[in-house]
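As a plain string of letters, each chain reads:
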Amino acid sequence: MELDSLCQHWDSTLDIDEENFETVAESEKHPRLSLYKNKGRAADQEKRWRQKLSILKSKKERSDHFDHNRFSVNKEELSKHPWASTQIKSEIKSWRRHSKLLMLAEWFLFMPPNFGEEYRMKLCPKGRHVFIRASKGKTIACTRNGRQLISSVSRLPGGGLGQSDNQNNSYTTLLDCILYCPEKNIDFSNFQMANGTKQMTFVFYVVDIIFMRSTCYVDLPFYERSQWLEHYLKQQIEEYNEGDPVAFHILPSYQCDVGSMQDAFSSIPPYKIDGVLFYHKDVNYEPGATPLVSWLKPYMLPEWFPNINYHSDFMKDIPDDYTDYINEIQQYEAKMSPKPLPSVI
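Residues numbered from 1 in each chain as written. Predicted model: local features only at pLDDT ≥ 70, side-chain atom pairs only at ≥ 80, totals over all residues. Heavy atoms only, no water.

Caption draft 1: Inspection of empty space enclosed by the protein at higher detail. As enumerated under the stated definition, the model contains one cavity of 30 Å³ or more in all. Lining the largest cavity, in full, are S154, R155, L156, I237, E238, E239, V246, A247 and F248. At three residues, the largest contribution of residues to the lining of the largest cavity is made by strand β9 (residues 246-250). Along the lines of polarity and charge, the residues of the lining of the largest cavity split into five nonpolar, one polar and three charged. (1 Å grid on protein atoms, 1.4 Å probe; cavity = no way out; pocket = protein on both sides within 12 Å on 5 of 7 lines; lining within 4 Å. Points joined across faces, edges and corners; volume = space filled by probe spheres on them. Helix = DSSP H or I, 4+ residues; strand = E, 2+ residues; numbered from the N terminus. Nonpolar A, V, L, I, M, F, W, Y, C, P; charged D, E, K, R; others polar.)

Caption draft 2: Structural context of helix α7 (residues 222-232). For α7, the complete set of buried residues consists of F222, R225, S226, W228, L229 and E230. The inward-facing, buried residues of α7 abut β1 (103-107), β2 (119-125), β7 (202-213), α8 (234-237), β9 and β11 (273-280). (Buried < 20%, exposed > 50% of the residue type's maximum accessible area, 1.4 Å probe, protein only. Contact = heavy atoms within 4.5 Å.)

Caption draft 3: Region of the structure containing the sheet that holds β1. Taken together, five strands build an open sheet; the order of strands is β1-β12-β11-β2-β10 and the sheet is mixed. Both outer strands of the open sheet, β1 and β10 (254-255), are each paired with one neighbouring strand and no more. Of the pairings in the sheet, the one linking β1 to strand β12 (residues 288-296) comprises five bridges and is parallel in character. What sits directly across from L104, in β12, is A289. This element, helix α9 (residues 258-265), spans β2, β10 and β11 of the sheet and lies at about 10° to β2. (Pairing = 2+ DSSP bridges. Axes fitted to C-alpha atoms, helices over the stretch in contact; angles between N-to-C directions.)

Here it is in structure tokens:
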């Protein structure tokens with residue numbers, strides 16, 4: 001009876017202004033709902049991050065144990081003389097298909113432990129993420145879904161320029177690159193035509209190395225691949241003569257401690273920046289998305305690294321309706337896919 005009387009009391013005293021009342025649709029992106037969803041995704045990414053890292057460490061331990069039993073390895077000597085390290089020669093049959101070969105990044109959704117010591121970063125230019133194959137005298141650029149964008153020649157081993165027929169037929173180079181396109185909506189048919197008439201040069205920024213000459217680099221950790229790219233193979237990859245249709249530039253990697261990040265973000269590189277890639281130093285090169293490689297747009301950086309002073313150009317592309325990185329990621333995914341799938345870059 002008390003409950004019935006209480007309900008009657010509410011009915012008689014509760015007054016609703018039917019003309020001015022507002023409702024919140026479930027479809028609207030409430031900030032707390034966005035935060036809740038992001039926490040779930042961040043936890044999932046962290047879980048997969050730990051699983052991947054555990055697999056890498058187990059693989060390294062098995063490899064070290066095998067090397068120890070096989071022969072004595074002087075690691076200090078190898079670090080001083082990287083050319084003396086034994087590289088595994090591998091057939092590239094598994095890399096002959098151009099589709100789905102690129103390693104992709106996931107959004108930066110959680111701060112990994114020991115980030116400053118275990119991560120390195122690269123400032124990526126605006127453009128198309130492409131797979132480069134130089135072999136049999138041709139240099140081909142394909143998108144990550146396998147569509148061929150460009151067919152040309154280059155001075156990469158096997159790429160056709162400055163090499164004998166025997167070298168072109170014997171060597172193969174596979175690279176992970178960005179085809180520099182600072183402007184959106186470029187017509188690549190006109191791009192190819194302009195290159196054919198020598199009106200422009202294709203500019204590629206090398207993000208990572210997969211295969212070169214007869215050496216496979218996919219099983220090396222990212223830090224070692226970076227050392228090979230930035231020091232021992234740099235001159236060969238960046239070799240260029242005036243009039244060449246293709247030019248390659250290697251993107252440098254930076255440490256992720258506060259001082260190194262401050263130096264990198266206080267100035268701008270000689271290209272328009274699209275975003276920043278963060279690599280775990282031990283990640284091997286593998287096709288598809290991995291939580292060990294993360295991505296942020298330049299204007300998202302202050303939310304994760306608030307103690308760093310940024311050059312003004314890092315913020316110039318910030319959208320007018322930008323609120324935070326969570327909503328920006330959701331808006332990006334809504335444009336790219338009808339379903340909220342895990343997004344990759």
